[in-house]
Each structure stands twice: as structure tokens, then as C-alpha cells.
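The residues making up each chain are set out below.
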Amino acid sequence: MEVEDVHHSYGRRSVLRGIDIMLPAGALVGIVGENGVGKSTLLQILSGGLRPDRGVVRHRGRFGYCPQQVILNDAFTVRQHLDFFAAAYAIADLRRAEETMEILRFSEYAGERVATLSGGTRQKLNLTLAVMHDPQVLLLDEPYQGFDWETYLRFWDLVTEFRDTGRSVLIVSHLAHDTGKLDQVWRLHDGVLDSGQEEAA
Ligand SMILES: Nc1ncnc2c1ncn2[C@@H]1O[C@H](COP(=O)(O)OP(=O)(O)OP(=O)(O)O)[C@@H](O)[C@H]1O
């Protein structure tokens, strides 16, 4: 994924002021920054959900996006969500979705309606929907919110495996802990990204 000179404002509030990104294949990168600095705005632009005022975003191949706000329909079951997304992604089977549900340990909820799920389990479904079509670029906005410790560790196993098989993963978080699990950490501040190619510890 390549991003060139992306700018974005909400009214008179200038949030992004010239973002450049070159996300190589096989990289696990974190974007950190304080609340309200523009991380979600940037990810919405990268995912194509928001049009930047200026600049270009280029993707090659499939991408997956896990938004910060869980977008699920309370009336449908977990399995129905998987079926809808499989149709939208035009994938023939749910093999990867089922594997992901095993890794995140929520397979037993397949028949449950989303209205009855806990916050952490909703987030597991949100993440599964973002990865079930085997994307080459994975964009994750605060992906481990609500996860218990075991699930948090399994989340890292999942994204590390993505990276190790040549896919790129971009994780946005206001928490800069666990940066040791990332190949690079970029800091968003004052509308620009300090990619400084600062290697994680
Ligand atoms: N739809 C919108 N209309 C107007 N202002 C917005 C809109 N969305 C975000 N903003 C403002 O843009 C700024 C950046 O918001 P954004 O949600 O991208 O930040 P963030 O870094 O993801 O924050 P957090 O860590 O709290 O999730 C904030 O000042 C926010 O109030």
C-alpha cells in the first residue's frame, strides 16, 4: 500500500496535513498517537470509506479493515454475518473464518444472535470479518479493545502469522505498549506521521 500527501480537514479543523506511507509486504506496523490526533480518520481514508481532501492511496490486492466502531447487526447471528460477508467478498467457503473463530475461541457462539454477545465477543467477530477473505493488507483500528489477556495474546499470534506469510498489517492504537511485537512504530502528531523508520525495541 502506498499513500502520498494525504490531507484532511473537518470544517476548519485540519486533521491530516501531508501523510506519506509505504507499507511493504510482510510488515507489521503500528500507528500510535494521542486521542483525537486523527488515527481513525487516516484509517478510514486508507480503507476507502472517507475521501481525503487531497492525496492518493494505492492498494494492490485484497484488503481487510476492522473499524473501531463495531458495525454488526444485532438481529442476525454470528453465522449469518459470516455468510453475508462471504457473499460480499465472493469467497466460496468459510474455512478461514472458522479457523479464526477457533484461534479466538468463540466458535461456540456461531448460532447466537449478535444482540446477546459480550463486547469482547463482538470484537472477535469484527476481527474475523476483516480477515476471513485472506487479505494482503490488513488495517486494524484499536483491534484488541475489550479482549481478555488470553485473547489479546492470540490476537498477536494471528497478526504475526499474517505478517510471516507475506501480508502487511497496520494497527492503529492510542496505546503504545507492546511495541516490541511490531516491526515499526509510526507516531501521528500535528497531522503528520513520524515514520522515522524507528525500529521497535
Ligand atoms: N465526522 C467528523 N466530523 C467532525 N470532526 C470529526 C469527525 N470525525 C473526527 N473528527 C475530529 O477529528 C479529530 C480526529 O479524530 P479521530 O477519530 O480520527 O482521532 P483518533 O486519533 O482516532 O482518536 P481516538 O484515539 O480517540 O480514537 C478529532 O478532533 C475529532 O473530534
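Structure: above.
Draft legend 1. Spotlight on helix α2 (residues 78-89). Counted at 1.5 Å a residue, the expected span for α2 with its 12 residues is 16 Å, and the 16 Å between its end C-alpha atoms agrees. Within α2, burial applies to Val-78, His-81, Leu-82 and Ala-86. For α2, the angular spread of buried residues about the axis comes to 135°, placing them on one side. In α2, the exposed positions that point more than 90 degrees away from the buried face belong to Ala-87 and Ala-88.

Draft legend 2. Summary view of the site of the ligand. In the vicinity of the ligand there are 13 residues, among which Gly-36, Gly-38, Lys-39, Ser-40 and Thr-41 approach most closely. Between the ligand and Gly-36 there is a distance of 2.8 Å, counted from an oxygen atom to a backbone nitrogen or oxygen. Sort the elements by how many residues they give to the shell around the ligand and helix α1 (residues 39-47) lands first, with 3 residues. For the shell around the ligand, the class distribution of residues is 3 nonpolar, 7 polar and 3 charged.

Draft legend 3. Here's a closer look at the pairing of strand β5 (residues 63-66). Only one face of β5 is buried, namely the one carrying Gly-64 and Cys-66, since none of Phe-63 and Tyr-65 on the opposite face is buried. Bridge count for β5 against strand β6 (residues 137-141) is 4 bridges, and the pairing is parallel. In the strand pairing of β6, Cys-66 is matched with Leu-140.

About the cut-offs
- Residues numbered from 1 in each chain as written.
- Predicted model: local features only at pLDDT ≥ 70, side-chain atom pairs only at ≥ 80, totals over all residues.
- Heavy atoms only, no water.
- Helix = DSSP H or I, 4+ residues; strand = E, 2+ residues; numbered from the N terminus.
- Expected span 1.5 Å × (residues − 1).
- Buried < 20%, exposed > 50% of the residue type's maximum accessible area, 1.4 Å probe, protein only.
- Arc of directions from axis to C-beta.
- Near = heavy atom within 4 Å.
- Polar contact = N/O pair within 3.5 Å; in protein donor to acceptor, adjacent residues only side chain to side chain.
- Nonpolar A, V, L, I, M, F, W, Y, C, P; charged D, E, K, R; others polar.
- Pairing = 2+ DSSP bridges.

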